[in-house]
Amino acid sequence: SVLIHLFFFLSAGKNGVPVPENFRLEQSTIADTIQVGQVRVRTLYLSVDPYMRCRMNEDTGSDYLLPWQLAEVADGGGIGVVEESKHGNFAKGDFVTSFNWPWQTVAILDGSLLQKLVPQLVNGRLSYFLGAAGITGLTALLGIREKGHVAVGANQTMVVSGAAGACGSLAGQIGRLEGCSRVVGIAGTDEKCSILVQEMGFDAAINYKKGNVAEQLRELCPGGVDVYFDNVGGDISDTVISQMNQNSHIILCGQISQYNKDVPYPPPLPPDIEKIQKERNITRERFLVLNYMDKQEASVLQLCQWIQEGKLKVRETVVEGLANIGAAFQSMMNGGNIGKQIVSVSK
């Protein structure tokens, strides 16, 4: 049978901006037979995420992320349906997922690398397992629980940057569910800001491309900031940190403003901001969700329960077709998505 797959074709370089031309679509044949322990799957959904920018360099800057190899099939989070199985855990028709799903329409995978999905947990919205009920939701929930020190009744104010993205849009809602009394988002368009407030229950949202962010923050967070869910780094984060309270906490989730630059992770703060951080005893520790996989099962069930109850609102930006995944990746890196960026490969 024929499959179509996407090769990582051209390195973006340490300081480059990703473009669709970094990828090349090719067609080839796949083996007709599978071995014992293998599963043949048809790809339904693929995820594109900011961390993938790091995989476009020979040195990803991270010991847990392997670089994509030039002229090899790219991979990432994916979901598919089993077409044939020689693995005891899976049968034809099962829905499965993997964090290392190849960017191709059909694949033969080692069954030990797959997890079975239960569509009913997400009201049949399978793609949610790549976002709100997957690694993205886990990052938001465990980041808040492990690094945010949120306590019910403590009257805490949370600020979320990159608030309309996959993780940020969930983090603000989870901050509220976990006990924050005030949640303020920072995003890049008026449309995103209105969705955060009207749909997702944020108290307020700041369009950082309009007006003075520091002034708006002071107005919207009169008691200062207690918890900062940081997805972006750079100038915005410096502005938020300068308004954080004594003994407050930064959840260091991502630094998307820095990913196209050759800087260490997490990027160092400017000296004046670092001074504030130290004087106010603000925690800023690297957070890696993979270090908390012992809490994965219970946390995913919590996320699914919130989704079923309508307490966690989920947004997706869906692009159709494997051929458009490079463009979807570029758009996501430029803030073109609201919520999780998903590529629908086949129905």
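What counts, and where the lines are drawn
- Counting of residues starts from 1 at the beginning of each chain's written sequence and follows it residue by residue.
- A pLDDT threshold of at least 70 governs which residues receive local features in this predicted model, and a stricter bar of 80 or more applies before side-chain atom pairs are shown or counted, although totals over entire chains, interfaces and linings include all residues.
- Heavy atoms throughout the structure, all of them, feed into the side-chain values; hydrogens and water do not.
- Secondary structure counts use DSSP, requiring at least four H or I residues in a row for a helix and at least two E residues in a row for a strand, with both numbered from the N terminus.
- In the analysis that follows, any N or O atom pair within 3.5 Å is treated as a polar contact, provided that within protein one partner can donate a hydrogen and the other can accept it, and provided that, for residues neighboring in sequence, both atoms belong to side chains.
- Type-normalised accessible area, obtained with a 1.4 Å probe on protein chains alone, sets the label of each residue: buried when under 20%, exposed when over 50%, and partly exposed for intermediate values.
- We call a crossover right-handed when, viewed with both strands directed away from the observer, the connection leading from the first strand over the helix to the second proceeds clockwise.
- Paired strands, in this sense, are two strands between which DSSP finds at least two bridges.
- Any two rings among Phe, Tyr and Trp, with Trp reduced to its six-membered ring, count as a pair given centres within 6.5 Å; such a pair is stacked if its planes are under 30 degrees apart, edge-to-face if over 60, and tilted if neither.
- A helix is expected to span 1.5 Å multiplied by its residue count minus one.
- Here, residues are in contact when the closest pair of their heavy atoms is within 4.5 Å.
- Counted as positive: Lys and Arg. Counted as negative: Asp and Glu, with His and the chain ends omitted from the count.
- Throughout this description, the term salt bridge denotes a Lys or Arg side-chain nitrogen within 4 Å of a carboxyl oxygen of Asp or Glu.
- Axis definition: a line fitted to C-alpha atoms, limited for helices to the stretch in contact. Angles are taken between N-to-C directions and run from 0 to 180 degrees.
- Comment on the angle field: the value is read as roughly parallel under 35 degrees, roughly antiparallel over 145, roughly perpendicular from 65 to 115, and oblique elsewhere.
- Whether a crossing is left-handed or right-handed is set by the direction in which the near helix is turned from the far one by less than a right angle, anticlockwise for left-handed and clockwise for right-handed.
- Under the scheme applied, nonpolar residues are Ala, Val, Leu, Ile, Met, Phe, Trp, Tyr, Cys and Pro; charged residues are Asp, Glu, Lys and Arg; polar residues are all the others, including Gly.
- By nonpolar core we mean a set of buried residues, namely Ala, Val, Leu, Ile, Met, Phe, Trp, Tyr and Cys, connected to one another through side-chain atoms within 4.5 Å.
- Residue ranges for the domains originate in an automatic or database domain assignment.

The protein is annotated in an unreviewed UniProt entry as Prostaglandin reductase 2 from Turnix velox.

1. Topic: the side chain of Asp-230
Examined against the element boundaries, Asp-230 turns out to sit in strand E12 (residues 225–230). Here Tyr-228 takes part through its side chain, which lies 3.1 Å from a polar atom of the side chain of Asp-230.

2. Considerations on the pairing of strand E10 (residues 182–187)
The side chains of a regular strand alternate between both faces of the sheet. Burial analysis of E10 places five of its six residues in the buried class, which makes it a mostly covered element. Viewed along the sheet, the connection from strand E9 (residues 157–161) through helix H2 (residues 166–178) into E10 turns out right-handed. Note that E10 and strand E11 (residues 204–207) share four bridges and pair parallel. Across the sheet, the residue bridging to Gly-185 is Ala-205, located in E11. One crossover worth recording links E10 to the parallel E11 by way of helix H3 (residues 190–198), and it is right-handed.

3. Description of the packing of aromatic side chains
With the rule as written, the count across this model stands at two aromatic pairs. Ring geometry for Phe-287 versus Tyr-292: centroids 5.6 Å apart, planes at 20°, classification stacked. Classification of Phe-287 by relative accessible area gives buried; the value is 7%. You can call Tyr-292 buried: its relative accessible area is 17%.

4. Some words on H2
With 13 residues, H2 should reach 18 Å at 1.5 Å per residue; the first-to-last C-alpha distance of 19 Å fits that figure. Considered for burial, the residues of H2 that qualify are Ala-166, Cys-167, Gly-168, Ser-169, Leu-170, Ala-171, Gly-172, Gln-173, Ile-174, Gly-175 and Glu-178. Tucked into the core, H2 has its buried residues touching helix H1 (135–147), E9, E10, E12, helix H7 (296–309) and strand E16 (340–344). Where H2 terminates, the next one or two residues include Gly-179, which has phi positive at roughly 130°.

5. Describing H1
Helix length check: H1, at 13 residues, gives a terminal C-alpha distance of 17 Å against a target of 18 Å (1.5 Å per residue), a fit within 8%. The buried count for H1 comes to 10 of 13 residues, which makes it a mostly enclosed element. Along H1, the residues classified as buried are Thr-136, Gly-137, Leu-138, Thr-139, Ala-140, Leu-141, Leu-142, Gly-143, Ile-144 and Lys-147. Where H1 ends, the next residue or the one after it, His-149, has phi of about 50°, a positive value.

6. Side note on the side chain of Asp-238
Here Asp-238 is to be found in helix H5 (residues 234–241). Here Asp-238 occupies a buried position and makes no salt bridge, while the nearest side chain of opposite charge, Arg-284, is found at 6.9 Å. Excluding its chain neighbours within four sequence positions, the residues that come into contact with Asp-238 are Leu-269, Pro-270 and Ile-273.

7. Digging into the sheet that holds E10
Two modes of strand pairing occur in sheets, parallel and antiparallel, and in both the strands are linked by backbone hydrogen bonds. Pairing is parallel in the open sheet, where six strands are placed in the order E11-E10-E9-E12-E13-E14. In this open sheet, the two strands that pair with only one neighbour each are E11 and strand E14 (283–286). Within this sheet the neighbouring strands show an average axis-to-axis angle of 20°, counted without direction. Here E9 runs beside E12; their pairing, made up of three bridges, is parallel. The residue of E12 that forms the bridge with Val-160 is Phe-229. Along the sheet face, H1 touches E9, E12, strand E13 (244–252) and E14 and points at about 145° away from the line of E13.

8. Notes on the pattern of salt bridges
Under the definition given, this model contains 15 salt bridges. Here Glu-26 ties to Arg-24 by a salt bridge, and the two come within 2.9 Å at their closest N and O atoms. A relative accessible area of 27% places Glu-26 in the partly exposed class.

9. Observations regarding the packing of H1 against H2
When two helices pack together, their arrangement is given by the angle between the helix axes and the distance between those axes. Relative to each other, H1 and H2 sit at 40°, their axes nearing to 9 Å. Put simply, H1 runs oblique to H2. By crossing handedness, the relation of H1 to H2 is classed as right-handed. On the side of H1, the interface is formed by Thr-136, Gly-137, Thr-139, Ala-140, Leu-141, Ile-144 and Arg-145, while H2 contributes Ala-166, Cys-167, Leu-170, Ala-171, Ile-174, Gly-175 and Glu-178. A per-class count over the contact of H1 with H2 returns eight nonpolar, four polar and two charged.

10. Remarks on unusual backbone geometry
With phi around 55°, Asn-155 is a residue other than glycine that occupies positive phi space. For Asn-155, a relative accessible area of 58% corresponds to the exposed category.

11. Some details on the nonpolar core
By size, the foremost hydrophobic cluster in this structure holds 48 residues, and its most contacted members are Ile-144, Ile-174 and Phe-229. Looking at this core, the elements with two or more residues in it are strand E5 (75–85), H1, E9, H2, E10, H3, E12 and H7. A domain split of this core shows at least three residues from each of domain 1 (2–131 + 315–344) and domain 2 (135–290). Counting residues in hydrophobic clusters, the runner-up holds 26 residues, among them Val-41, Phe-90, Ala-328 and Val-343.

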